[in-house]
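Letter by letter, the chains look like this.
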Amino acid sequence: MKDNMSRRRFLRECCWGGALGAVGLAAGFAASKAAGKDFVWQIDPFKCISCGNCATYCVLEESAVKCVHKHAMCGYCKLCTGYYEPEPVALDTAAENQLCPTGAIGRKYVEHPYYKYSIDEKLCNGCAKCVKGCSAFGNGSLFLQVRHDRCLNCNECSIAVACPSVAFVRVGVDKPYLIKGQAH
Amino acid sequence: MIRRLTGFASIAFAVVVFACPALLGAVNVPPPEFEGDYVLPKTEVPGPRENLLEYVDVSVLVLALSLSVYFVYHKRCRKGVFLLMMVSLVYFGFYRKGCICSIGAIGNVSLSLFENGYVIPFLALLFFVLPLVFTLFFGRTFCGCVCPLGALQDLVLLRPMKVARPVESVLRLLAYVYLGAAVWFAATGSAFIICRYDPFIGFFRRSGSINMIVFGACFLLVGVFVGRPYCRFLCPYGVILRQLSRLSKRKVTITPDECVKCRLCEGSCPFGAIETPTAEWPGETYRVNKKLLGVLILLLPVIAAVGVWAGGFVSGSASRVDARVRLADRIFMEDAGTVEGTIDASLAFRASGAKVEDLYSDADAIKAKFKTGGFFFGGFVALVIGLKLILLSIRFKREDYIASRAGCLACGRCYSYCPREHVRLGNVASANGGGDL
Ligand code: SF4
Ligand code: SF4
Ligand code: SF4
Ligand code: SF4
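Every residue gets a number counted from 1 within its own chain, in the order that chain's sequence is written. Throughout, the order in which chains and ligands are written sets their labels, letters from A for the former and numbers from 1 for the latter. Where local features are concerned, this predicted model is filtered to residues with pLDDT of at least 70; where side-chain atom pairs are given and counted, the filter is 80 or more; whole-chain, interface and lining totals use all residues. Here the side-chain values reflect all heavy atoms present in the structure, with hydrogen atoms and water set aside.

Novice: Quick question: what am I supposed to make of the overall build of chain B here?
Specialist: Looking only at helices and strands, one finds 18 helices and 2 strands in chain B. C-alpha atoms define the radius of gyration, and 2.2 Å times the number of residues to the power 0.38 defines the globule rule. A compact globule built from 437 residues should have a C-alpha radius of gyration of about 22 Å, whereas chain B, at 29 Å, is more than 25% larger. Viewed in the frame of its principal axes, chain B has a C-alpha envelope of about 105 × 60 × 35 Å. For the exposure calls, accessible area comes from a 1.4 Å probe over protein chains only, and a residue counts as buried if that area is under 20% of its type's maximum, exposed if over 50%, partly exposed in between. Classification of the 437 residues of chain B by burial places 46% in the buried group. Partitioning the intrachain contacts of chain B with sequence separation of at least 6 by distance along the chain shows that 80% fall at a separation of at least 24. Surface summary for chain B: the accessible area is close to 22,200 Å², and the carbon and sulfur share equals 67%. The charged-residue count follows a simple rule in which Lys and Arg add positive charge and Asp and Glu add negative charge, with His and chain termini not counted at all. In this description, the location of a charge corresponds to atom NZ of lysine, CZ of arginine, CG of aspartate or CD of glutamate. Where the 47 positive side-chain charges of chain B centre and where its 31 negative ones centre are 11 Å apart. Labels follow the DSSP assignment, with helices taken as runs of H or I lasting at least four residues and strands as runs of E lasting at least two, numbered in each case from the N terminus. Residue contacts are defined here by distance: any two heavy atoms, one from each residue, within 4.5 Å place the two residues in contact. The protein chains shown are the only cover counted for residues, whose accessible areas, like all others here, come from Shrake-Rupley with a 1.4 Å probe.

Here it is, written out as structure tokens:
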């Protein structure tokens, strides 16, 4: 009986050691290529096709994805195709002429014949309507980015799952944005 | 005016269609050179959460795990366990919004083990490993005190009901299937299904898809009557913890010293984790079971083989979880003319200028991975079922009422049911003189 017990204990110890070894091995293997920094989700603006999923698929009520404006790329067009409906009634800032459903884009005269466009992030819902207009006919200076002050950094981003052009990529927290015309 | 705009648009359209300058990185309209003192506004890039805070997360995890050992073993105090559980729920659940969690980290670890291109953050790795190591030493104190998913379910458990043993055993198989599938899909780089179908994360974030919220609400509703349904019947991490907990150095004991077989604790565990003393089997049952055991052991390779075959069989449809496989199928059907029209994904693919052949060979490689994975998945599930049957036909000898090593979640509820515990606490005198501890 006693012999039996100690044999059992020995077996148990062996299993225990084996389990610890297995956990350690798996962890060690993963650790051999682990990174000390975390990763966050970002949109590659060159892959994005402005499908509109960003506005609806984020787990947040109000999407973490917003439109950003790279001013240095902007043509400051009077007739901004990211700002105006394709067939506006008049070229003023009246709501019926605007493409943006939430009126998040501001238009301001700078000097002849240039107008400055800026995004009010609080209003933007990430629908990408302006992005579509701007990249089709303009310079593509309007594009979507995951705003990291809002993003929860889900382990699996719900928008990434729904993105038809695989535009969502994991980037290091040290360089969390993919801004057009900027080295990454 | 309008005509001018449409004219402008149609010219621009022609430019886009024929030259696609925006796609090539060129610009349609040269940026102006301002004469006035206009300064270009900067594009704001608000940063993510400080990387430093990850160390805080890990420290909180280690602290919580250590405290759990203290409350479960040293203090034997349900109140402490409950309090710790609440703190964890608030921190890992509501403050950290449920990400990262140890359960979901199974996905990250699987992906990093099988996919060379994926770099796992240390945070995810630590969240995966630390509770496992603690479990090897102290049993599932992680489940009882730290896991936010467990805590949320524990909180709503108001009218615990008993689940019949056989039902419990069968339902538990779901968790093994879930674990197998989660590793399978993550290893092929296709999906983190644990994260995608986390029933409670919607509550932690207080937003999410309506389907998942309803799903989670149903779980919580069931959880009012059935103790921790997710933990017992679905949690894939729980499956790993169960097995490690079988080997743990220390284990939860209902009584602080000896079991007096008073049966008072029998119904106290809402998770069906208390094992009662076993009776001697009548000779007839014993003989039947012995024969059954022999047959089952001989049958085990057959069961496993069937599983492997079935896994390979379903791998084809399972591979459609992968977005690239789906895209390749779609493009193939569009080109063959078997479907009408296009979808966003196929449009995006064609606009990207990538070669169809590359897509097809990619998809084939992914499908091949799914097939290999399918063999393992099927074999794993079949083995689990086979071993379960074998275990059912073995009689284990037990003389006391004990907390099952695998099933006990270290919640501490049963402690106060044991009269010996009250002796230990000095609430009552011991029958044999008292205070002899
Ligand atoms: S059109 Fe859509 S993406 Fe662009 S600013 Fe408006 S809400 Fe944001
Ligand atoms: S990671 Fe989560 S919060 Fe961030 S954009 Fe994706 S779904 Fe939204
Ligand atoms: S079984 Fe799973 S969900 Fe439940 S407490 Fe343990 S790890 Fe958490
Ligand atoms: S501590 Fe006791 S009541 Fe709690 S899970 Fe373990 S056996 Fe059940």
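Novice: Would you mind going over the interface of chain A and chain B with me for this structure?
Specialist: Many structure descriptions define interface size as the accessible area lost when the parts assemble. Taken residue by residue, the interface counts 68 residues in chain A and 69 residues in chain B. Buried area is understood as the total, over both parts, of accessible area removed when two parts are fitted together, assessed with a 1.4 Å probe. Together, the buried faces of chain A and chain B total about 6,000 Å²; carbon and sulfur atoms form 65% of this surface. Here, a salt bridge means any side-chain nitrogen of Lys or Arg that lies within 4 Å of a carboxyl oxygen of Asp or Glu. Linking chain A with chain B are 2 salt bridges. With a shortest N-O distance of 3.1 Å, Lys249 of chain B and Glu13 of chain A are connected by a salt bridge. Each polar contact in these results corresponds to two N or O atoms within 3.5 Å; when the atoms are within protein, one needs to be able to donate a hydrogen and the other to accept it, and residues that are neighboring in sequence are counted only if both atoms are side-chain atoms. The interface formed by chain A and chain B holds 18 residue pairs in polar contact (both at pLDDT 80 or more) in total. Where the side of chain A that touches chain B is concerned, the elements lending two or more residues are helix 1 (2-31), strand 1 (39-43), strand 2 (65-69), strand 3 (105-111), strand 4 (114-119) and helix 3 (129-137) of chain A. Examining the composition of the side of chain A that touches chain B, we find that 12 residues originate from one element, helix 1 of chain A, more than from any other. Polarity classes work like this: nonpolar for Ala, Val, Leu, Ile, Met, Phe, Trp, Tyr, Cys and Pro, charged for Asp, Glu, Lys and Arg, and polar for all others, with Gly in that last group. Of the residues in the side of chain A that touches chain B, the class split is 41 nonpolar, 12 polar and 15 charged.

Novice: It is not clear to me how the site of ligand 3 should be interpreted in this structure. Could you clarify?
Specialist: All names here are of chain B. Near ligand 3 you find 14 residues, and of these Cys143, Cys147, Arg228, Cys231 and Cys235 are the closest. Every element with two or more residues in the shell around ligand 3 is listed here: helix 6 (141-146), helix 7 (148-156), helix 12 (229-233) and helix 13 (236-246). If one sorts the elements of the shell around ligand 3 by residue count, helix 13 sits on top with 3 residues. Tallied by class, residues from the shell around ligand 3 come to 10 nonpolar, 2 polar and 2 charged. Proximity is defined per residue: any heavy atom of the residue falling within 4 Å of a molecule or strand makes that residue near it.

Novice: So what exactly am I meant to see when it comes to the nonpolar core here?
Specialist: Burial of nonpolar side chains together is a common tendency in soluble globular proteins. In terms of nonpolar packing, the biggest core is built from 106 residues, with Ile103, Phe142, Tyr230 and Tyr237 of chain B touching the most fellow members. It is helix 5 (residues 122-138) of chain B that provides the largest number of residues to this core, a total of 10 residues. Residues Ala64, Tyr83, Leu144 and Ile159 of chain A belong to the second largest nonpolar core, which totals 32 residues. Within this scheme, the nonpolar core is defined by two criteria: the residues are buried Ala, Val, Leu, Ile, Met, Phe, Trp, Tyr or Cys, and they are joined through side-chain atoms within 4.5 Å.

Novice: Just to check I follow, could you spell out the domain arrangement of chain A for this structure?
Specialist: Each domain's extent was defined by an automatic or database domain assignment. The domains assigned to chain A are domain 1 (1-37) and domain 2 (39-172). Here the C-alpha centroids of domain 1 of chain A and domain 2 of chain A sit 52 Å apart.

Novice: So what exactly am I meant to see when it comes to the site of ligand 1 here?
Specialist: Around ligand 1 lies a shell formed by Cys67, Cys100, Pro101, Thr102, Ile105, Cys124, Asn125, Gly126, Cys127, Ala128, Lys129 and Cys130 of chain A. Residues belonging to the shell around ligand 1 are distributed by class as follows: 8 nonpolar, 3 polar and 1 charged.

Novice: Would you explain the confidence of the model for chain B in this entry?
Specialist: Segments scoring low in pLDDT should not have their predicted coordinates read at a detailed level. All names here are of chain B. Looking at chain B as a whole, the pLDDT averages 89, with 92% of positions reaching at least 70. On a scale of 0 to 100, pLDDT captures the predictor's confidence in every residue. When the criterion is pLDDT under 50, residues 1-25 qualifies, and its contacts beyond four places in sequence or with other chains add up to 25 contacts. A low-confidence stretch, residues 433-437 (pLDDT under 50), is modelled with 8 contacts involving residues beyond four sequence positions or located in other chains. At the level of chain-chain contacts, confidence expressed as ipTM amounts to 0.88, with global pTM at 0.89.

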